[in-house]
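Descriptive analysis of the structure
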Amino acid sequence: MRRALFVLGDWGVALLCGAYLVALAPFVPGLASGPNLGDVFSNVLPLLAVALGQTLVLLTGGIDLSVTAVVALASVAGARVMTETGGLLPGSAAAGVLAMLGVGVVVGLANGLAVANLRMPPFLATLAMMTFASGLAIWSTQSQGIAGLPASFRALGASLGPLPVSLLVVLPLALAAHLVLSRTVLGRWIYAVGGNARAARVSGVPVERVLLLAYAACGACAGLAAVLYTARLETGSPVLGQRIFLDVIGGAVIGGTSLFGGRGTVRGTAFGVLLITLVDNSLNLLGLSSFTVLMVKGGVILAAAVLDAWRERLAGR
Amino acid sequence: MKTRARRVAPGLAAVLLATVAAFGPSCQPRPTRHAIGVAFETLQTEFWVAAIDAIRADLASRGYDMVEAIADGDANRQLEQVRSFVARRVDGIVVVPKDAKGIIPAIKAANEAGIPIVLFNRPADASAARSVAVVADNLGIARATVEHLCALARQSGRKQKAAILIGDLGDVNSIGRRDGFDQAAAACADAIEVVARIPTDWNQEKALAGMTNALQAHPDLGLVFTSSDFMLPSIVSALKGANRYRRAGEPGHVILGGFDGDATAWRMLEEGTLDATGVQDVYFEAKAAIQALVDAKAGRAVPPVVLDPGFVIHQGNKAEMAPRMWGAQVARRKAAGA
């Protein structure tokens, strides 16, 4: 049992994804069709960008509740910069993208400073930031979406043949995150801080700097997700991504990232996000009521969290 | 054991995913009975529940299956849901857009697949994407409702001070209702004088605070129109606080009108505290939406906008109009359930 729990890691989730598809395909109309698999793939990518950032923070033993608000704030900030109807730099997709990434990094750094230097609990610091950023996004737009985005920016939400353009953005991001975590000193430090911050500090790990970097990277990933979501919807929205938090955390946790810190992989998060997107997609295709969809998704995530708690107990932490 | 399992798991996963990738694209959706995808933004108010029930009933009566999806207030999720309808090759799509601008890519996706799409109760912003919008005639219904309130003001024998609770001015429905009020108020300047315009942003707390302030500034306020019935509880609370909550015909009664036709409005009409409300005819809108899809699928011409003329229900016609008022049906179902 103990071994099985540990084996059911990231590749176990990949197995689950495949088994889920094979098992449900005969019963869910269109689930395994080419267009639908393409949709699933393009739905995974922006969510994966947010989930990768969240994984970094979870690995340090923290949590970033503000990612959804960062997506919204970055979306309207970037749209305001590049919109062709009264933007600061009308038609400049590059400026819009930089503004979105900039908002993400700034908010992430603020979160990191609050957690690392002010020693605020991550839950409280990022909850306050979520409220602030969400309020700022709505106030600055008076709840209005911003359209008229340049065609070169909207192209980021399109596809090149069967492949979504966003793959060109998220794949390098995932590879970079994987290499940092598995091959660099910074990666080892992140795991060490999440495993036991006090021991890491004694061992010479610059805990504050690691936390600051993790939260800043998380903000940047949310900013990048804002680019992809905004391009898909062709609109900057002050409420964009408001409801994705459960999917973000669910994807990471299902993929084996521990809510207690110190354990998790990029590969696991990618498969976790794939599974939660597949569940969402298949239940939609079945035409189940929204309440049923929410209950099923909540149940899957709850099961993953319980599994995580068991693992921690068995690991003696 | 652990090591062996770890070696086998990636291989198994790869085989399974490769199988799906190889054979999946060739598996087209199975033809089923005619199906219509219905994507709502939310089901958090009685209006939307009544609307989806009306659509479900209409589809069932025509022999269609309904595939339901609720975006829970998320424009991106709504786009994904519409795309999944397209992938499933439904015969038509009804969508309540979360966002008038953000819905345009979803309409384009349906257009590209040749699937007719109807926007229910909320129009999209102007674009090259083709859709049919079934929307309430907000201006006309609000004007007719306020004209009825004006007639009551005239019957009272004195010029009444009036207030309007305005919704979110970023919402076209809200603007239409405000304009309907203004047109009717301008035409009956002999009977009413507008002394308070209360912004609410569709927020009940703001409505209560604004209404309380208006009653303090104008204790003799005689007529109130709310742009949505869901703010009636706030108005009732403020009127009770000022000791002005009376039935029609009682001394000191504030002439009260609303818009939507929800269950609260029906209860207040029954008890005699609400004089009139403009009703969005959900049953008409549901039928019109499905008919538009059927016509478009059959290649018949469909206008880009279908207006729900709605109707005014008041103390004089409430028994006759109740069967068409969705809020009355909701209230009666609740009462029967209890």
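The structure contained in this document is the topic of the report that follows. (Residues numbered from 1 in each chain as written. Chains lettered and ligands numbered in written order. Predicted model: local features only at pLDDT ≥ 70, side-chain atom pairs only at ≥ 80, totals over all residues. Heavy atoms only, no water.)

A separate point is the pairing of strand 5 (residues 132–136) of chain B. All names here are of chain B. In terms of burial, strand 5 is a largely internal element, five of the five residues being buried. In strand 5, alternate side chains face the same way, and those of Val 132, Val 134 and Ala 136 on one face and Ala 133 and Val 135 on the other are all buried. As judged from the three bridges shared by strand 4 (residues 117–120) and strand 5, these two strands associate in the parallel manner. Pairing of Leu 119 across the sheet is with Ala 133, part of strand 5. Where strand 5 lies against strand 11 (residues 305–308), four bridges are found, and the strand directions are parallel. Bridge pairing in strand 11 places Val 134 opposite Val 306. (Buried < 20%, exposed > 50% of the residue type's maximum accessible area, 1.4 Å probe, protein only. Helix = DSSP H or I, 4+ residues; strand = E, 2+ residues; numbered from the N terminus. Pairing = 2+ DSSP bridges.)

Turning to the packing of helix 4 (residues 67–82) of chain A against helix 5 (residues 93–116) of chain A, a few remarks are in order. Residue and element names in this part refer to chain A. Look at helix 4 against helix 5: their axes get within 8 Å of each other, and the N-to-C directions meet at 150°. One way to sum up the angle between helix 4 and helix 5 is to call them roughly antiparallel. For helix 4 against helix 5, the interelement crossing comes out right-handed. Facing helix 4, whose interface residues are Val 70, Leu 73, Ala 74, Ser 75, Ala 77, Gly 78, Ala 79, Val 81 and Met 82, helix 5 presents Ala 93, Ala 95, Gly 96, Ala 99, Met 100, Val 103, Gly 104 and Val 107. Across the contact of helix 4 with helix 5, the residue classes tally to 13 nonpolar, four polar and no charged. (Axes fitted to C-alpha atoms, helices over the stretch in contact; angles between N-to-C directions. Parallel < 35°, antiparallel > 145°, perpendicular 65-115°, else oblique. Left-handed = near helix turned anticlockwise from the far one by under 90°. Contact = heavy atoms within 4.5 Å. Nonpolar A, V, L, I, M, F, W, Y, C, P; charged D, E, K, R; others polar.)

Here the focus is the pairing of strand 12 (residues 311–314) of chain B. All names here are of chain B. Judged by which residues are buried, strand 12 turns out to be covered on both faces: Phe 311 and Ile 313 on one side and Val 312 and His 314 on the other are all buried. Pairing of strand 10 (residues 276–279) with strand 12 involves four bridges; the strand directions are antiparallel. Following the sheet pairing, Thr 277 is matched in strand 12 by Ile 313.

Hydrogen bonding along the main chain pairs the strands of a sheet, whether they run parallel or antiparallel. Residues and elements named next belong to chain B. Strands sit in the order 2-1-3-4-5-11 across an open sheet of six strands; the sheet is parallel. Each of the sheet's edge strands pairs with one partner strand only, and the pair in question is strand 2 (65–70) and strand 11. Within this sheet the neighbouring strands show an average axis-to-axis angle of 20°, counted without direction.

Okay, the sheet that holds strand 6 (residues 160–166) of chain B next. Residue and element names in this part refer to chain B. Taken in spatial order, the six strands make up an open sheet running 7-6-8-9-10-12, and their pairing is mixed. One side of each edge strand has no neighbouring strand; the edge strands of this open sheet are strand 7 (192–199) and strand 12. Strand-to-strand, the axes of this sheet are offset by a mean angle of 20°, without reference to chain direction. When strand 6 meets strand 8 (residues 221–226), the two strands line up parallel, connected through five bridges. Residue pairing for strand 8: Ala 162 is matched across the bridge by Leu 223. Relative to strand 7, helix 7 (residues 204–217) is tilted by about 145°, and along the sheet it contacts strand 6, strand 7 and strand 8.

To continue, consider the pattern of salt bridges. It is possible for side chains of opposite charge to pair when their charged atoms get near one another. The tally for this structure, following the rule as stated, stands at 26 salt bridges over all chains. Salt-bridge contacts for B:Arg56 lead to B:Glu68; the nearest nitrogen and oxygen are separated by 3.0 Å. Residue B:Arg56 is located in helix 2 (residues 46–62), and its partner B:Glu68 is located in strand 2; the two are separated by twelve residues in the primary sequence. By sharing partners, the salt bridges in this structure join A:Asp247, A:Asp280, A:Lys297 and B:Arg77 into a single network. (Salt bridge = Lys/Arg side-chain N within 4 Å of Asp/Glu carboxyl O.)

Once that is clear, we can look at the packing of aromatic side chains. Residue and element names in this part refer to chain B. Within this structure, the stated rule accounts for seven aromatic pairs over all chains. For the pair Phe 40 and Trp 48, a centre-to-centre distance of 5.9 Å together with 90° between the ring planes defines the contact as edge-to-face. A relative accessible area of 8% means that Trp 48 is categorised as buried. With a centroid separation of 5.8 Å and an interplanar angle of 20°, the aromatic rings of Phe 181 and Phe 225 are classed as stacked. Residue Phe 181 is found in helix 6 (residues 172–187), and its partner Phe 225 is found in strand 8; the two are separated by 44 residues along the sequence. In terms of burial, Phe 181 and Phe 225 fall into one category: buried. The structure contains a cluster of three or more aromatic residues connected by ring pairs, namely Phe 40, Phe 47, Trp 48, Phe 120 and Trp 326. (Phe/Tyr/Trp six-rings, centres within 6.5 Å; stacked < 30°, edge-to-face > 60°.)

Applying the stated criterion to the full structure yields one disulfide over all chains. Each sulfur in the disulfide pair B:Cys150 and B:Cys188 lies 2.1 Å from the other. Here B:Cys188 lies in the loop between helix 6 and strand 7 and B:Cys150 lies in helix 5 (residues 138–156), a separation of 38 residues in the sequence. Neither residue differs from the other here; B:Cys150 and B:Cys188 are each classed as buried. Free cysteine: A:Cys218, not disulfide-bonded; nearest cysteine sulfur from A:Cys221 at 6.6 Å. (Disulfide = S-S within 2.5 Å.)

All names here are of chain A. Tracing the chain through its elements places Val 76 in helix 4. Under the relative-accessibility criterion, Val 76 is labelled buried at 4%. Expressed as a C-alpha distance, the spacing of Val 76 and Thr 141, which sit 65 residues apart in the sequence, is 7.6 Å.

The next point concerns the side chain of B:Asp308. Residue and element names in this part refer to chain B. By the element assignment, Asp 308 lies in strand 11. Here Asp 308 occupies a buried position and makes no salt bridge, while the nearest side chain of opposite charge, Arg 324, is found at 6.4 Å. A distance of 2.8 Å separates a polar atom in the side chain of Asp 308 from the backbone nitrogen of Asp 281. Those residues within four positions of Asp 308 in sequence are excluded, and the remaining contacts are Val 135, Ala 136, Asp 137, Ile 141, Gln 280, Asp 281, Phe 284 and Glu 285. (Lys, Arg positive; Asp, Glu negative; His and termini not counted. Polar contact = N/O pair within 3.5 Å; in protein donor to acceptor, adjacent residues only side chain to side chain.)

All names here are of chain B. When its volume is computed, the largest pocket comes out at roughly 1,600 Å³. Glu 41, Lys 98, Arg 122, Asp 171 and Trp 202 are, among the 43 residues lining the largest pocket, the residues nearest its centre. For the lining of the largest pocket, the elements supplying multiple residues, two or more each, are helix 2 and helix 6. Looking at the lining of the largest pocket, its residues break down into 13 nonpolar, 15 polar and 15 charged. (1 Å grid on protein atoms, 1.4 Å probe; cavity = no way out; pocket = protein on both sides within 12 Å on 5 of 7 lines; lining within 4 Å. Points joined across faces, edges and corners; volume = space filled by probe spheres on them.)

Bringing empty space enclosed by the protein into the picture now. All told, the structure shown has one cavity of 30 Å³ or more when counted by the stated rule. Its boundaries defined by the atoms lining it, the largest cavity holds a volume of some 160 Å³. Considering the residues around the largest cavity, the lining is formed by 15 residues, among which A:Asn43, A:Asp247, A:Asp280, B:Arg77 and B:Glu80 are closest to the centre. Breaking the lining of the largest cavity down by element, the ones donating at least two residues are helix 3 (34–59) and helix 13 (266–286) of chain A together with helix 3 (75–88) of chain B. The greatest single-element share of the lining of the largest cavity, amounting to five residues, is contributed by helix 3 of chain B.

So, on to unusual backbone geometry. Here the phi dihedral of A:Glu234 falls at roughly 55°; this positive angle occurs in a residue that is not glycine. Relative to the elements of secondary structure, A:Glu234 occurs in the loop between helix 11 (207–233) and helix 12 (245–254). Relative accessible area serves as the criterion here: at 18%, A:Glu234 is assigned to the buried category. Although it is not a glycine, B:Trp202 sits at a positive phi angle of roughly 60°.

Bear in mind that shape data such as this cannot, by itself, settle questions of function.
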